[in-house]
Amino acid sequence: MSGRLGTAAHDAARRVDAATPDHRDRAVDALRALAVLGVVLGHWLVTALVADGSTLRTASPLQHLPWLAPLSWAFQTLAVFFLVGGHVATRGYASARARGIPYHHWLRGRLARLCRPVAAVLTLWTTVTAALLLTGAEYGTVRTLVKLALSPLWFLLVFAALTAATPLLARLHPLWPLAVVLHVDLLRFGFGAPDGIAWLNLAAGWLVPYTLGAAWTRGELEHRRTGWTLLLSGTAATAGLVAWAGYPASMVGVPGAGVSNLNPPTLAAVTFGLAQCGLALLLRDRLRTAMRRPVAWAAVALVNLSAMTVFLWHQTALMATTATALPAGRLPGLHTVPDGLGWVAARLAWLPVLALALTLCLAAFRSWERGGARRERSRVVRTHRPAGKDVRHV
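Basis of the calculations
Residues numbered from 1 in each chain as written. Predicted model: local features only at pLDDT ≥ 70, side-chain atom pairs only at ≥ 80, totals over all residues. Heavy atoms only, no water. Helix = DSSP H or I, 4+ residues; strand = E, 2+ residues; numbered from the N terminus. Rg over C-alpha atoms; globule rule 2.2 N^0.38 Å. Buried < 20%, exposed > 50% of the residue type's maximum accessible area, 1.4 Å probe, protein only. Contact = heavy atoms within 4.5 Å. Areas by Shrake-Rupley, 256 points an atom, 1.4 Å probe, with all protein chains shown as cover. Lys, Arg positive; Asp, Glu negative; His and termini not counted. Charge placed at Lys NZ, Arg CZ, Asp CG, Glu CD. Expected span 1.5 Å × (residues − 1). Bend = angle between axes of the 7 residues up to and from the residue. Axes fitted to C-alpha atoms, helices over the stretch in contact; angles between N-to-C directions. Parallel < 35°, antiparallel > 145°, perpendicular 65-115°, else oblique. Nonpolar A, V, L, I, M, F, W, Y, C, P; charged D, E, K, R; others polar. Salt bridge = Lys/Arg side-chain N within 4 Å of Asp/Glu carboxyl O. Left-handed = near helix turned anticlockwise from the far one by under 90°. Phe/Tyr/Trp six-rings, centres within 6.5 Å; stacked < 30°, edge-to-face > 60°. Patch = residues over 30% accessible without salt bridge, like charges linked within 9 Å, V, L, I, M, F, W, Y side chains within 5 Å.

Comments concerning the overall build of the protein chain
- If you tally the helices and strands in the protein chain, you get 17 helices and four strands.
- Taking 21 Å as the expected radius of gyration for a compact globule of 394 residues, we find that the protein chain reaches 22 Å, a close match to that expectation.
- The buried share of the protein chain, reckoned over its 394 residues, is 48%.
- Expressed as a percentage of contacts within the protein chain between residues at least 6 apart in sequence, the contacts between residues at least 24 apart total 76%.
- Split by element, the accessible area of the protein chain, about 19,400 Å² in all, is 66% carbon and sulfur.
- For the protein chain, the centre of its 38 positive side-chain charges and the centre of its 16 negative side-chain charges are spaced 7 Å apart.

What to know about helix α6 (residues 103-134)
- Under the 1.5 Å per step criterion, the end-to-end length of α6 is 45 Å for 32 residues, consistent within 8% with the ideal 46 Å.
- Of all the bends in α6, the greatest, near 40°, is centred on Ala 112.
- Considered for burial, the residues of α6 that qualify are Trp 106, Leu 107, Arg 113, Leu 114, Pro 117, Val 118, Ala 120, Val 121, Trp 125 and Thr 129.
- Phi for Gly 136, located one or two positions after α6, is positive at around 85°.

Some remarks on the packing of helix α8 (residues 153-164) against helix α16 (residues 307-325)
- Between α8 and α16, whose axes approach to 10 Å, the crossing angle comes to 140°. Taken together, the axes of α8 and α16 lie oblique to each other. Contact residues: Leu 153, Phe 155 and Leu 156 in α8; Met 308, Phe 311 and Leu 312 in α16.
- Class assignment for the residues of the contact of α8 with α16 results in six nonpolar, no polar and no charged.

A closer look at helix α15 (residues 294-305)
- Over its twelve residues, α15 extends 16 Å from the first C-alpha to the last, a length consistent with the 16 Å expected when each residue adds 1.5 Å.
- Within α15, burial applies to Trp 297, Ala 298, Val 300, Ala 301, Val 303, Asn 304 and Leu 305.

As for the pattern of salt bridges
- By the definition in use, this model includes seven salt bridges.
- Here Asp 195 makes a salt bridge to Arg 188, at a shortest N to O gap of 3.9 Å.
- A salt bridge links Glu 222 to Arg 284; the shortest N-O distance between them is 3.6 Å. Of this pair, Glu 222 sits in the loop between α11 (200-217) and α12 (224-244) while Arg 284 sits in helix α14 (residues 284-290), and the two are 62 residues apart along the sequence.
- Three or more residues joined by partner-sharing salt bridges are found here, namely Arg 24, Asp 29 and Arg 32.

Some details on the packing of α12 against helix α13 (residues 267-282)
- As a packed pair, α12 and α13 sit with axes 7 Å apart at the nearest point and diverge in direction by 150°. On the basis of their axis angle, the class for α12 and α13 is roughly antiparallel. Like other packed secondary-structure pairs, α12 and α13 cross with a definite hand, here left-handed. Of the residues in α13, those in contact with Arg 224, Gly 227, Trp 228, Leu 230, Leu 231, Gly 234, Thr 235, Ala 237, Thr 238 and Leu 241 of α12 are Leu 267, Ala 268, Thr 271, Phe 272, Leu 274, Ala 275, Gly 278, Leu 279, Leu 281 and Leu 282.
- When grouped by side-chain class, the residues that make up the contact of α12 with α13 number 13 nonpolar, six polar and one charged.

Quick notes on unusual backbone geometry
- Of the consecutive residues Asn 263 and Pro 264, the connecting peptide bond is found in the cis state with omega at 0°.
- Take Pro 264: it is sitting in the loop between α12 and α13.

As for the environment of Leu 187
- Of note, Leu 187 is situated in helix α10 (residues 175-190).
- A sequence separation of 95 residues divides Leu 187 from Leu 282, and the C-alpha atoms of the two residues are 34 Å apart.
- Dropping the residues within four chain positions of it, Leu 187 is found in contact with Gly 192, Ala 193 and Ile 197.

Some thoughts on the packing of aromatic side chains
- For the structure on display, the rule yields 16 aromatic pairs.
- Each ring, one from Trp 73 and one from Phe 272, has its centre 5.3 Å from the other, and the planes form 65°; the classification is edge-to-face. Here the residue Trp 73 occupies a position in the loop between α4 (69-72) and α5 (78-98), and Phe 272 occupies one in helix α13, the gap between them amounting to 199 residues.
- The class for Trp 73 is partly exposed, based on a relative accessible area of 25%.

Some thoughts on a nonpolar patch on the surface
- Taken together, the side chains of Leu 182, Leu 186, Leu 187 and Phe 191 define a hydrophobic patch exposed on the protein surface, amounting to about 400 Å² of accessible area.
- If you trace the backbone, Leu 186 turns up in helix α10.
- Overall, the relative accessible area of 42% leaves Leu 186 in the partly exposed class.

That is the geometry; function is a separate question.
Here you go:
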C-alpha cells in the first residue's frame, strides 16, 4: 500500500514538473517558500499561550532563555520575502507595460491573491470573537487571541502598499530607505526623539529588501561578490549593533521587552535582512539545481500556490490545537510556561500536530486564495487539456 502511494506521489510530482513553464525561475519560488515556512516555524517555536488565572496570555521561550535568541535568526525570514516580492513585482510590472496592460489592471491582479484570503480570516474571527464575548469569555483572553490571529495582516498591508508603489520604486536605490532607517534610529535612541517617529521605519525598513528585489530585476545583483558583500557586511553590522549599540539580540518580538527589532523594524533588523538577502542571492544557483528534482519542485509549487493561506492561518492552527487539547490538561510544550529546554523539546514534538491543523485550514480555506469556486490562472504550473484543446494555467 505504501509503495503504491509513494509511486503515485512521484508520478504526481513528475506531472507538476513537466507542467511548469520552462522559463520559470524556480529559485524565486524556492526562496518564497522558504521565507513563508520560516515565518510559520518561527511563530510556532516562540509563541506559547499560557493560562494566567482566568486570562490567557502569550509568552515566549526567549523571555526565559535569552541565550536562544541567535537561533531565532534562522526563522525571521521576512526580508527574503520582501526581496522576492520586489523582484517579482518589478519584473511583472515591466512585462505588463511591454504588453500594454494598464497599471490599474496589473495592480488589481497583484493584489487580488493577497487580499482574497483575508476575507475568510476576518469572517471567521469576527464570528469567534462575538461568540466568545457573548458567552462571557474574559476580555483579556479574547484580545490576546484576536491579536495573535490577525497579527499577520500588518505584513499584508505593508506589502500591498509597496506593491501599489512599484512604478515609483522600480529604480529607487536601497541606500535611500536604509539612510532613513539609520537617521530614525539615531533620533530615537541617540537624541531621545518620541517613539512615534519609529513608525517611519515600518515602510523604510521593508523598502530596503524590496528595492533590492528591484535591483535584482535590473540585473544589478548577478555577481556573486554582491551576495557576499551583503552577507558579510550585514552580518558584521548586525553583530556590532547588538554587541555595542544595545539592540536586542532577538530578531523576533519578545513579550515584555522594552524594544523590539520588528515592531517597527530597527536598523539591526534591516542590516540582518541585508545579510539574509545576500545569503539568498548566493543560494540561487544551488536552488535552481535542487528544484530540478520533481519531488522537491512539487513541494515548493504547492507552498507557493497556497502561500497566503499558509501565512494567514498558521496562528489560527496553533490556537485551535491549543484549545482542542486543553481538556486533556496542561500539556507540556502547549499550555505550560516556556521556561526551559524541556518546553522547547515538547514544542518540537508538537510541530507535526500543528502542521496537521494547518493542513485542515488549507483544505477549508485555500479556495479563497484561488478566487472561491473560480479557478485562478497561475504561472506556477500548467494543467494540459486533452489534445486539440488549449492549455490553461492553474
